[in-house]
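# Notes for the structure review
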Amino acid sequence: MYWDPIFTIVCSALVVGGCCVWLLDFIYARHLRRQHHKQLQLLHNIPVGMCYDYNGKILLNKTWCLMWDLAQKPKTFNQLVALLSAEDKHFLTEHYAILKEHNIPFDGIIRHGKQIFHLRARPFEDGAYVLWMSDLSRHQERLGHLQQNYDILNQQKELLENAWEKFPFPTFIRSAQGKVIFANQAMGQNKPEDLNQCHWQTRPFQSDDSTYTLTYGQETRTEEEVQSLVREITASHRRLCQELPCAVCLFSANGQLLAYSPAFARMWHLDEAWLDTKPDYENFWDTLQEKGLLSRVMDFSQYKKQQREQFAELSKTEEVFLYLPNGRIIRRLMIPFAQGGVILLDEEKTG
């Protein structure tokens, strides 16, 4: 049989061309598969949870499964919604139905366990929808801390405002332009003539790179008037204590005896003439120790130190019991008084 050379060449060319086309198709298909695989890996591992819904069938990426700790992926939207609480289930079901019916996208906050997520849903193509969510738990925790700090600052602000309002001296603050931006109640409660008689003090200060001036007024009194007022108050304390039937005494902030009742002198067998010399707190304890009225302690100096510290740090009424060597029991109330003073109120509780 004779083969035409031209026919042979044509057939060979067709075979080679077909092989080349098949090889190119194979290479291109492989390239498309690789590209598709890369895109799927990208969608699965982006730091946003994604859900693709097509005709009721859903596909979740790995991030969504990790966020919700899903061991088994739900296959339908209803299975996905069933993992939520009743409130969030109602929200998502209602808005998702509107999305499918009217193509209206929506955003919202949903919860899964203790985590908080921002969820968004959009139409993708005919019969297909896409949802994606971001984890807001860390942001919510930070917002919680910021809210706590804000609440603390707000409480401190209110406390400071109340303190300034109760401040007995007329006080106001001016800006650098001379505008009054704050004035307490004492400014409005005093008559103009009384304010004119005050001795005014100014204190500049800075806040947020701005300069302000704090001004407050003090009532002007002569030294003789102040001393007369102190003597009058002290005398009234003494008269009050002299009339009280209970055992009571009053010490000043520096520990000096200011007043006492006769019952107090009798209870502790103390000479009133000696009490009138205004002994200090330590001398008072020394005298009780010398008279044998206190139980013996190993280190009386340390005992007195504890008494001084209790006296100095007293901020509210405290109750103590003194057990005397003769078997008597004294209940003592230590009561904070004005200007740092302390009242001792003793009562015998021997059974």
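Residues numbered from 1 in each chain as written. Predicted model: local features only at pLDDT ≥ 70, side-chain atom pairs only at ≥ 80, totals over all residues. Heavy atoms only, no water.

As a further point, take the packing of helix H11 (residues 281-290) against helix H12 (residues 300-312). Interaxial distance between H11 and H12 falls to 10 Å at its minimum, and their mutual angle equals 140°. As far as their axial angle goes, H12 and H11 are oblique. Considering the relative orientation of H11 and H12, their crossing is right-handed. For the pair H11 and H12, the contacting residues are Tyr281, Glu282, Trp285, Asp286 and Gln289 in the first and Phe300, Tyr303, Lys304, Gln307, Arg308 and Phe311 in the second. Of the residues belonging to the contact of H11 with H12, the class tally is 5 nonpolar, 2 polar and 4 charged. (Axes fitted to C-alpha atoms, helices over the stretch in contact; angles between N-to-C directions. Helix = DSSP H or I, 4+ residues; strand = E, 2+ residues; numbered from the N terminus. Parallel < 35°, antiparallel > 145°, perpendicular 65-115°, else oblique. Left-handed = near helix turned anticlockwise from the far one by under 90°. Contact = heavy atoms within 4.5 Å. Nonpolar A, V, L, I, M, F, W, Y, C, P; charged D, E, K, R; others polar.)

One can find Asn184 in the loop between strand S7 (180-183) and helix H6 (185-189). We classify Asn184 as buried; its relative accessible area is 3%. From its side chain, Asn184 meets the backbone nitrogen of Thr171 in a polar contact 2.9 Å long. Dropping the residues within four chain positions of it, Asn184 is found in contact with Trp164, Glu165, Phe167, Phe169, Pro170 and Thr171. (Buried < 20%, exposed > 50% of the residue type's maximum accessible area, 1.4 Å probe, protein only. Polar contact = N/O pair within 3.5 Å; in protein donor to acceptor, adjacent residues only side chain to side chain.)

Moving on, we get to the pairing of strand S5 (residues 128-135). Sheet topology note: the strand S1 (residues 49-54)/S5 ladder contains 6 bridges and is antiparallel. Residue pairing across strands places Met50 opposite Trp132, the latter belonging to S5. Sheet topology note: the strand S4 (residues 115-125)/S5 ladder contains 8 bridges and is antiparallel. Bridge pairing in S5 places Pro123 opposite Tyr129. (Pairing = 2+ DSSP bridges.)

This part is about the packing of aromatic side chains. Counted according to the given criterion, the structure contains 14 aromatic pairs. Measuring from ring centre to ring centre gives 6.1 Å for Phe91 and Phe106, while their planes differ by 85°; the resulting arrangement is edge-to-face. In this pair, Phe91 sits in helix H4 (residues 86-102) while Phe106 sits in strand S3 (residues 106-112), placing the two residues 15 residues apart along the sequence. For the ring pair Phe264 and Phe284, a centre distance of 5.9 Å and an interplane angle of 25° mean the geometry is stacked. Of the two residues, Phe264 sits in helix H9 (residues 262-267) while Phe284 sits in helix H11, which places them 20 residues apart along the sequence. Across the pair, exposure class does not vary: Phe264 and Phe284 are buried alike. Among the aromatic residues, ring-to-ring pairing joins Phe251, Phe264, Tyr281, Phe284, Trp285 and Phe311 into one connected group. (Phe/Tyr/Trp six-rings, centres within 6.5 Å; stacked < 30°, edge-to-face > 60°.)

Looking now at H12. Spanning 13 residues, H12 covers 18 Å between terminal C-alpha atoms, matching the ideal 18 Å at 1.5 Å per step. Against the buried residues of H12 lie strand S10 (247-251), H11, strand S13 (329-336) and strand S14 (342-348). (Expected span 1.5 Å × (residues − 1).)

With that settled, consider the sheet that holds S10. In a beta sheet, neighbouring strands pair by backbone hydrogen bonds and run either parallel or antiparallel. One open sheet holds the 5 strands; their spatial order is S11-S10-S14-S13-S12, and the pairing between them is antiparallel. The two strands at the open ends of the sheet, each matched to only one other strand, are strand S11 (257-260) and strand S12 (318-323). Pairwise comparison of adjacent strand axes, ignoring direction, gives a mean angle of 20° for this sheet. Judged from the 6 bridges that link them, S12 and S13 form a sheet pairing that is antiparallel.

What follows deals with the state of the cysteines. Under the counting rule described, the total for this entry stands at 0 disulfides. Note on Cys51: no disulfide assigned, nearest cysteine sulfur contributed by Cys65 at a separation of 9.5 Å. (Disulfide = S-S within 2.5 Å.)

A few words on the nonpolar core. Among the nonpolar cores identified, the biggest contains 27 residues, and Phe251, Phe264, Trp268 and Leu288 are the most heavily contacted of them. Apart from the residues lying within four places of it in its own chain, the contact partners of Leu288 are Trp268, Leu270, Leu293 and Leu294. If you look at the next biggest cluster of nonpolar residues, it comprises 24 residues, including Ala121, Tyr129, Leu131 and Met133. (Core = buried A, V, L, I, M, F, W, Y, C linked by side-chain atoms within 4.5 Å.)

Mapped onto the elements, His112 comes out in strand S3. For His112, the residues in contact, after removing those within four places along its chain, are Trp68, Leu83, Leu84 and Phe117.

A few words now on the sheet that holds S5. As summarised here, the arrangement of the 5 strands in space is S2-S1-S5-S4-S3, forming an open sheet in which the pairing is antiparallel. Unpaired on one side and paired on the other, strand S2 (57-60) and S3 mark the two borders of the sheet. Here the average twist between neighbouring strands, direction ignored, is 25°. The strands touched by H4 within the sheet are S1, S3, S4 and S5, with S3 carrying the most contacts at an inclination of about 155°.

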